[in-house]
Amino acid sequence: MGGNEQHWVNEAFRSGWVVPLGPNVDEFERLLGEYINAPGRVVALSAGTAALHLGLVMLGVEKGDEVVCQSFTFSASANPICYQGASPVFVGSEKDTWNMDPEALNRCIADRVRATGRKPKAIVPVHLYGLPAKMNEILAVADKWQIPVLEDAAEALGSELDGKRCGTFGQYGALSFNGNKIITTSGGGALVCPDAEAAVRVKFYATQARENRPYYYHEVIGYNYRMSNVCAGVGVGQMDVLQEHVDRRRAIHALYTELLAEVPGVEVKQNPTPAFDSNFWLSTIVIDPATGHTPDEVRLALAALDIETRLLWRPMHMQPVFADAPYYGAGDVERELFERGLCLPSGSILDDSDIERTAAAIKGVLA
Ligand SMILES: *Cc1c(COP(=O)(O)O)cnc(C)c1O
């Protein structure tokens, strides 16, 4: 917490706006829109997962449709596809950003059209660990096939590609303010919309799709997905420290890079070119099997020192729940990353001594 969150939460109680709408919600949306340069197009919701779900609803994804999704991600990127009764089709990652491979995406779409006679309804790329996906190439494939893009920017608030903020590349973009993300509202998310009109429609869906009549009247299925004005108060306070958090995560990443530079067989993931500017939500490493150590051995050794690390995401096409989904890979990049990678402690409150202790522990295990 930055310090001002409590003030805005108290303000919600003082004014009586303890409901899923109110001045904090409006202000949080305004500040977010300003930050990512999408004024009037951000809708605050109860979760990033809800944002992804409503993005699919807005794109008309229905039962029987296919939606292309990055395989190397958290399950929340893919689950909402199933909420709609649609089927996920997974695409593998490229080595530079660890995100959706544009060539595999093109091959996937061509094959789905051949196999089903229909185009997938949407494409869901992810900016994993904050590193932007190759959006220029992905959007070129999407344009060629005329398929809309729903960007999962849950981990990438503050990240940029070519000076443009993540969440604003696709027709829709989803943000998350879960407790572990770059800023938090305890739980929450937002959907970045193509225009103000779409934002109004998203708010309508997020508040039970109630038509404008004096009695409750419904023409479509609605959802209870709006953000609470209390949570939005936390969000307004967090906007004061958002850029500080991003700067701190980048500094933590730079320190890991420096401290682990000379360690053989350990590579700290970097921006592939200066066009990419990750928020480094999490700093990650890849451990060469030639070190004789698996990431899980390193994880357990660090856990014994009270340092928490995590393995990288297990790809969706390797999850039992998605075992039947088609998968279009590009050299098993994400499987290899899952087998070799580790997420390091990266929280904005960590100080340099925490990072030094973690780096020393990794060196100690691998020595
Ligand atoms: C956190 C996360 C989500 C879901 O956001 P919630 O706010 O937790 O629902 C979706 N996608 C990715 C990649 C995430 O990391």
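The shown structure was predicted, so the numbers you read here are calculated from the model rather than taken from an experiment. (Residues numbered from 1 in each chain as written. Predicted model: local features only at pLDDT ≥ 70, side-chain atom pairs only at ≥ 80, totals over all residues. Heavy atoms only, no water.)

Engineer: Help me get a handle on the overall build of the protein chain, residues and values and all.
Structural biologist: The helix and strand inventory of the protein chain stands at 12 helices and 15 strands. Over its C-alpha atoms the protein chain spans a radius of gyration of 21 Å, differing by no more than 12% from the 21 Å that the globule rule assigns to 367 residues. Dimensions of the protein chain along its principal axes, counting C-alpha atoms only, are 70 × 60 × 35 Å. Counting over 367 residues, the protein chain shows a buried share of 54%. Of the contacts made within the protein chain by residues no fewer than 6 positions apart, 70% connect residues no fewer than 24 positions apart. Taken as two groups, the 32 positive and 46 negative side-chain charges of the protein chain have centres that lie 6 Å from each other. (Helix = DSSP H or I, 4+ residues; strand = E, 2+ residues; numbered from the N terminus. Rg over C-alpha atoms; globule rule 2.2 N^0.38 Å. Buried < 20%, exposed > 50% of the residue type's maximum accessible area, 1.4 Å probe, protein only. Contact = heavy atoms within 4.5 Å. Lys, Arg positive; Asp, Glu negative; His and termini not counted. Charge placed at Lys NZ, Arg CZ, Asp CG, Glu CD.)

Engineer: Describe the sheet that holds strand β4 (residues 122-124), with residues and values.
Structural biologist: An order of β4-β2-β3-β14 is seen for the four strands of this open sheet, with the pairing classed as parallel. At either end of the open sheet lies a strand with only one pairing partner, and these are β4 and β14 (327-328). For strand β2 (residues 66-70) and strand β3 (residues 87-91), the ladder comprises five bridges, and the chain directions are parallel. Counted as the bridge partner of Gln70 is Val91 from β3. (Pairing = 2+ DSSP bridges.)

Engineer: An account of the packing of aromatic side chains is requested, with residue identities and associated values reported.
Structural biologist: Under the counting rule described, the total for this entry stands at nine aromatic pairs. Look at Phe28 and Phe177: their rings are 5.0 Å apart centre to centre, the planes differ by 65°, and that puts the pair in the edge-to-face class. Taken together, the residues span a long stretch of sequence, with Phe28 in helix α2 (residues 23-35) and Phe177 in the loop between β8 (172-176) and β9 (189-192) at a distance of 149 residues. Looking at Phe177, the relative accessible area reads 0%, which means it is buried. Aromatic ring contacts, followed pair by pair, group Phe72, Phe74, Trp98, Tyr129 and Trp313 into a single cluster. One Lys or Arg, Arg213, reaches over the ring of Tyr217 and ends 3.5 Å from the middle of that ring. (Phe/Tyr/Trp six-rings, centres within 6.5 Å; stacked < 30°, edge-to-face > 60°. Lys NZ or Arg CZ within 6 Å of the ring centre and 35° of its normal.)

Engineer: Tell me about the sheet that holds β8, and please be specific about residues and values.
Structural biologist: The four strands are arranged β1-β9-β8-β5 in an open sheet whose pairing can be described as mixed. Lying at the two open borders of the sheet, with one neighbouring strand each, are β1 (42-45) and β5 (150-152). With strand direction ignored, the average angle separating the axes of adjacent strands in the sheet is 20°. Of the pairings in the sheet, the one linking β5 to β8 comprises three bridges and is parallel in character. By the bridge assignment for β8, Leu150 is matched with Tyr172. Here helix α3 (residues 48-58) sits on the sheet in contact with β1, β5, β8 and β9, set at roughly 165° to β8. (Axes fitted to C-alpha atoms, helices over the stretch in contact; angles between N-to-C directions.)

Engineer: So what's going on with helix α10 (residues 295-304)? Residues and values would help.
Structural biologist: Residues lying three or four places apart along an α-helix face the same way, a consequence of the helix completing one turn every 3.6 residues. All of the buried residues in α10 are Pro295, Val298 and Leu302. Along the axis of α10, the buried positions cluster into a sector of 60°, meaning they face one direction only. Asp306 sits one or two positions beyond α10 and adopts a positive phi of about 70°. (Arc of directions from axis to C-beta.)

Engineer: Account for the site of the ligand, naming residues and giving values.
Structural biologist: In the vicinity of the ligand lie 16 residues, with Thr49, Asp152, Glu155, Ser176 and Lys181 positioned nearest. At a separation of 2.7 Å, an oxygen atom of the ligand approaches a polar backbone atom of Gly48. Protein contacts shield 93% of the accessible area of the ligand, which totals 380 Å² for the unbound molecule. At three residues, the largest contribution of residues to the shell around the ligand is made by α3. The residue inventory of the shell around the ligand, partitioned by class, reads six nonpolar, seven polar and three charged. (Near = heavy atom within 4 Å. Polar contact = N/O pair within 3.5 Å; in protein donor to acceptor, adjacent residues only side chain to side chain. Areas by Shrake-Rupley, 256 points an atom, 1.4 Å probe, with all protein chains shown as cover. Nonpolar A, V, L, I, M, F, W, Y, C, P; charged D, E, K, R; others polar.)

Engineer: Would you mind going over the packing of α2 against helix α8 (residues 229-239) in detail, with residue names and values included?
Structural biologist: Their axes nearest at 8 Å, the elements α2 and α8 cross at an angle of 35°. At the point where α2 passes α8, the crossing takes the left-handed sense. Only Asn229, Ala232, Gly233, Gly235, Val236 and Met239 of α8 make contact with α2, whose side of the interface consists of Pro23, Asn24, Val25, Glu27, Phe28, Leu31, Leu32 and Tyr35. Considered class by class, the residues forming the contact of α2 with α8 number nine nonpolar, four polar and one charged. (Left-handed = near helix turned anticlockwise from the far one by under 90°.)

Engineer: Just give me the short version of the domain arrangement of the protein chain, but keep the residues and values in it.
Structural biologist: Partitioning the protein chain into structural domains gives domain 1 (5-240) and domain 2 (243-366). Put simply, the middle of domain 1 and the middle of domain 2, counted by C-alpha atoms, are 25 Å apart. Every contact between the two is made by 48 residues of domain 1 and, on the other side, 37 residues of domain 2. Together domain 1 and domain 2 conceal approximately 3600 Å² of surface at their shared face, both sides included; 63% is due to carbon and sulfur atoms. (Domains from an automatic or database assignment. Buried area = accessible area lost by both parts, 1.4 Å probe.)

Engineer: Lay out the side chain of Glu211 with the relevant residues and their values.
Structural biologist: Its location among the elements puts Glu211 in the loop between α7 (196-206) and α8. Arg201 provides the closest opposite charge to the buried, salt-bridge-free Glu211, at an N-O distance of 5.1 Å. Leaving out residues up to four positions away in the same chain, Glu211 has contacts with Phe204, Tyr217, His218 and Glu219. (Salt bridge = Lys/Arg side-chain N within 4 Å of Asp/Glu carboxyl O.)

Engineer: Tell me about unusual backbone geometry, and name the residues and values.
Structural biologist: A positive phi angle, near 60°, is found at Tyr129, a position not held by glycine. Residue Phe280 is not a glycine yet carries a positive backbone phi of 45°. As for its placement among the helices and strands, Phe280 is situated in the loop between β11 (276-277) and β12 (284-287). For Phe280, a relative accessible area of 7% puts it in the buried group.

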